[in-house]
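# Close look at the chain arrangement
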Amino acid sequence: MTIFDRYILRRFLHVFCILFVSTFGLFVVIDGFTNIDGFQDRAEGAADLIGIMGRYYAFQSSLFFDMAGPALTVVSVMIVLTILVRHSEVQPIFAAGVPVFRLLLPLVAGTVLVNVGLSANQELVIPRIAHEIQARKSTNVNGHPVDPVYDNDSHIHIGGAEVFPAEARMRDAEFTLPVPDIAHELITLKAPEARYLKKAGARPAGWLLKGVSPPFEQLSLTPEGRRRVRAMKDPAHVFVATAIDADMLYNRTQSYRYVSTPELVRRIRNPAYGTDTIRSQSMNLHARVTKPLLSVIAVLITVPLILTKESRNIVGNVALCSLVLGALFAVAQGFEYLGSANLISAQFSAWGTVIFHGTVGAWLFGMVQT
């Protein structure tokens, strides 16, 4: 990498950092003033209020980086190219006979660096702080109202009053055992507290119901039911085997966005989840794979639109580039909508966007200055 390449790369990273800090700062100001009452309900003074807000938005910065990172990457490339043109820094390149696509090397390298950071954030950071990201602003308790769910593998219906994902705990749990798969008669197990236990040795994953009613001795279970519902050493406890964990009992349409890719693949292969849930997770998996490709393609589209040989008006070029990228974003949203509506496959909803954007990028290559 030459001195000029390093110069452009440093400028790209500098612009990206400035954009991220400014946009996230704007988000903090707007969201903070909108939800200031919720923060004040938790705070005991001005210093405590600042500490609570600082902690909350420190975790939110990871999610903001994941959401805004790809867009800020493209905007950074646009700004760097605009600065190079405005300061007449590309003319020496043309005069030396260096092809303009040589400028792509540091810009693509910068895009790759950002995407490496995005991948590390998605796989290593967000899964560890997912419960903090989804915490409510108005209370210190990280509980959420339970969204009842149906286990498609065992046909057990799981509900309750409140779930605490960080502790894998549920309050006022209710497990309805179906007839005739699990029980000979319809039974609803009720427990003031239930904890989710991961698979350990021969014991499958499932919920440990504490203080359960009715007790295990009074349950009329089928052979499959005795495999799913098990007695414990403490007669007041009952274990129910199921792959439905605490994360699936609230915010099911969004919670899979906060897990790592290996965990997402495990969930997709889990027969306990419903068809719609598995489809949404499959779309998210393919979107994660295609995100870096779309970022690089967006850079390849930006260069010929900013450095177009058809126009020397840099303001008009930036406006045209923004218009084209906005239209491509709308196309990507259209593919996502068609996929979520089951009109196209989950795979094509993600890869169709890559194919379309790549075709547009290849067609625009002929417009670049030489």
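Quick summary incoming for the structure in this document.

Calculation notes
- Residues numbered from 1 in each chain as written.
- Predicted model: local features only at pLDDT ≥ 70, side-chain atom pairs only at ≥ 80, totals over all residues.
- Heavy atoms only, no water.
- Helix = DSSP H or I, 4+ residues; strand = E, 2+ residues; numbered from the N terminus.
- Rg over C-alpha atoms; globule rule 2.2 N^0.38 Å.
- Buried < 20%, exposed > 50% of the residue type's maximum accessible area, 1.4 Å probe, protein only.
- Areas by Shrake-Rupley, 256 points an atom, 1.4 Å probe, with all protein chains shown as cover.
- Lys, Arg positive; Asp, Glu negative; His and termini not counted.
- Charge placed at Lys NZ, Arg CZ, Asp CG, Glu CD.
- Arc of directions from axis to C-beta.
- Contact = heavy atoms within 4.5 Å.
- Patch = residues over 30% accessible without salt bridge, like charges linked within 9 Å, V, L, I, M, F, W, Y side chains within 5 Å.
- Salt bridge = Lys/Arg side-chain N within 4 Å of Asp/Glu carboxyl O.
- Expected span 1.5 Å × (residues − 1).

### Quick notes on the overall build of the protein chain
Helix and strand counts for the protein chain stand at 11 helices and 9 strands. Taking 2.2 N^0.38 as the reference for a compact globule, 370 residues should give roughly 21 Å; the C-alpha atoms of the protein chain span a radius of gyration of 26 Å, well beyond that estimate. Its C-alpha atoms give the protein chain principal-axis dimensions of about 90 × 50 × 35 Å. For the protein chain, with 370 residues in total, the buried portion stands at 46%. Looking at the protein chain as shown, the accessible area adds up to about 18,300 Å², and 63% of this sits on carbon and sulfur atoms. Positive and negative charge centroids in the protein chain, built from 33 and 29 side chains respectively, lie 8 Å apart.

### Some details on helix α8 (residues 261-268)
Listed as buried for α8 are Leu264, Arg267 and Ile268. The buried residues of α8 occupy one face: seen down the axis, they fall within an arc of 100°.

### Details of the environment of Leu84
Examined against the element boundaries, Leu84 turns out to sit in helix α3 (residues 46-86). Residues Leu84 and Gly274, spaced 190 residues apart in sequence, show a C-alpha to C-alpha distance of 52 Å. Apart from residues no more than four positions distant in its own chain, Leu84 is found in contact with Tyr7, Ile8, Arg11, Glu89 and Val90.

### Description of a nonpolar patch on the surface
Side chains of Leu26, Val29, Ile30 and Phe33 sit close together on the surface and give an oily, nonpolar patch of about 440 Å² of accessible area. When its relative accessible area of 52% is taken as the criterion, Ile30 is described as exposed.

### A few points about the environment of Pro214
Checked against the element boundaries, Pro214 lands in the loop between β7 (206-210) and α6 (223-228). Judged by its relative accessible area of 22%, Pro214 falls in the partly exposed class. Each C-alpha atom of the pair Pro214 and Val238 lies 9.8 Å from the other, and the pair is 24 residues apart in sequence. Apart from the residues within four sequence positions on either side, Pro214 is in contact with Ile187, Thr188, Leu189 and Leu219.

### Here's the deal with helix α10 (residues 314-340)
Over its 27 residues, α10 extends 39 Å from the first C-alpha to the last, a length consistent with the 39 Å expected when each residue adds 1.5 Å. Of the residues making up α10, those classed as buried are Ile314, Asn317, Cys321, Leu325, Leu328, Ala332, Phe335 and Gly339. Among the residues trailing α10, Asn342 stands out with phi positive, at a value near 65°.

Nothing here speaks to function; it is all geometry.
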